[in-house]
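Next come the chains, spelled out residue by residue.
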Amino acid sequence: MSAGIAPDGPHTGIDGLCEQIRGALAGWVPRLLGVHVHGAVSGPAAVARLVEAVAAAAELTVLPGDGELARAELHTAAARAIAAAVERPGTDARAELAAVRAGCRRAAVAVGLSVPVAF
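So, here is what we can say about the structure in this document. Just so it is clear, the structure is predicted and the values come from calculations on it, not from any experiment. (Residues numbered from 1 in each chain as written. Predicted model: local features only at pLDDT ≥ 70, side-chain atom pairs only at ≥ 80, totals over all residues. Heavy atoms only, no water.)

1. Quick look at the overall build of the protein
Short version of the rule: Helix and strand definitions follow DSSP, with helices as H or I runs of at least four residues and strands as E runs of at least two, each counted in order from the N terminus. Only protein chains enter the accessibility calculation, which uses a 1.4 Å probe. A residue is then buried if its area is under 20% of the maximum for its type, exposed if over 50%, and partly exposed in between. Contact criterion: two residues are considered in contact whenever any of their non-hydrogen atoms come within 4.5 Å of each other. Per-residue and other accessible areas were derived by the Shrake-Rupley procedure at a 1.4 Å probe size, with only the shown protein chains allowed to occlude residues.
Of the regular secondary structure elements, the protein holds five helices and zero strands. In the protein, the order of α-helices and β-strands from amino to carboxyl end is α-α-α-α-α. Per-residue burial for the protein yields a buried fraction of 45% across its 119 residues. For the protein, long-range pairs separated by at least 24 residues make up 61% of all intrachain contacts whose partners lie at least 6 apart in sequence. As displayed, the protein offers around 5,900 Å² of accessible surface, 58% of which is attributable to carbon and sulfur atoms.

Written out as structure tokens, the structure is:
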């Protein structure tokens, strides 16, 4: 079963990363956590709100596999998403969003989902 995580590709800018994160979460979050993932997100601030909501829902849900690891990954991803949204000097939003995407992938694997790998 795929977690619905978009592979790396030509659309790896800010908007592309935001869409990859949304797509990744849309693949498994509604089924396991009951959180609705909207059809589009507009920028790092929207991604930060989405990942925060997912992390909060994970705290209230019994997760399969290594639920504690999944929760930790989601909380770390939420913190990185907030850093991307705040745009502090010295913060690279694209790097923060790539870390969010990776954290969401690790959370999916922790709950036992298959995650496609692109080379």
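2. Quick notes on the nonpolar core
General note: in soluble globular proteins, nonpolar side chains tend to be found buried as a group. As a reminder, the rule being used: Among buried residues, those of type Ala, Val, Leu, Ile, Met, Phe, Trp, Tyr and Cys that are joined through side-chain atoms within 4.5 Å constitute a nonpolar core.
Residues Leu 25, Trp 28 and Leu 33 are the most contacted members of the largest nonpolar core, which totals 34 residues. Among the secondary structure elements, those contributing two or more residues to this core are α1 (14–26), α2 (29–33), α3 (44–59), α4 (67–86) and α5 (93–110). Sort the elements by how many residues they give to this core and α3 lands first, with eight residues.

3. Thoughts on α5
Formally: Between the first and last residue of a helix there are one fewer steps than residues, each counted as 1.5 Å, and that sum is the expected span. Within 3.5 Å is the distance limit for a polar contact, defined as a pair of N or O atoms, with the added protein rule that one can donate a hydrogen and the other accept it, and that residues adjacent in sequence qualify only through two side-chain atoms.
Under the 1.5 Å per step criterion, the end-to-end length of α5 is 25 Å for 18 residues, consistent within 8% with the ideal 26 Å. Near the N-terminus of α5, the side chain that reaches the backbone nitrogen of Arg 94, with its oxygen 3.2 Å away, is that of Asp 92.

4. Considering the packing of α1 against α5
How two helices sit against one another is set out by the angle between their axes and by the gap between those axes. Definition in use: Every angle, taken between N-to-C directions, lies between 0 and 180 degrees, and every axis is a line fitted to C-alpha atoms, over only the stretch in contact when it is a helix. In these notes the angle categories are as follows: under 35 degrees is roughly parallel, over 145 is roughly antiparallel, 65 to 115 is roughly perpendicular, and the rest is oblique. Each crossing gets its handedness from the near helix: less than a right angle anticlockwise from the far helix is left-handed, clockwise is right-handed.
Closest axis-to-axis distance for the α1/α5 pair is 10 Å, and the angle between their directions is 15°. On the basis of their axis angle, the class for α1 and α5 is roughly parallel. For the element pair α1 and α5, the recorded crossing hand is left-handed. Contacts from Ile 14, Leu 17, Cys 18, Gln 20, Ile 21 and Leu 25 of α1 reach α5 at Ala 93, Arg 94, Leu 97, Ala 98, Val 100, Arg 101 and Cys 104.

5. Overview of α3
In a regular helix each residue adds 1.5 Å, so 16 residues correspond to 22 Å; α3 covers 23 Å between its end C-alpha atoms and thus fits that length. Those residues of α3 not exposed but buried are Pro 44, Ala 46, Val 47, Ala 48, Leu 50, Val 51, Val 54, Ala 55, Ala 57 and Ala 58. Looking at the buried side of α3, the elements it contacts are α1, α2, α4 and α5.

6. A short note on the environment of Gly 16
One can find Gly 16 in helix α1. By relative accessible area, Gly 16 is classed as buried at 15%. Considered as a pair, Gly 16 and Gly 43 are 27 residues apart in the sequence and their alpha carbons are 9.5 Å apart.

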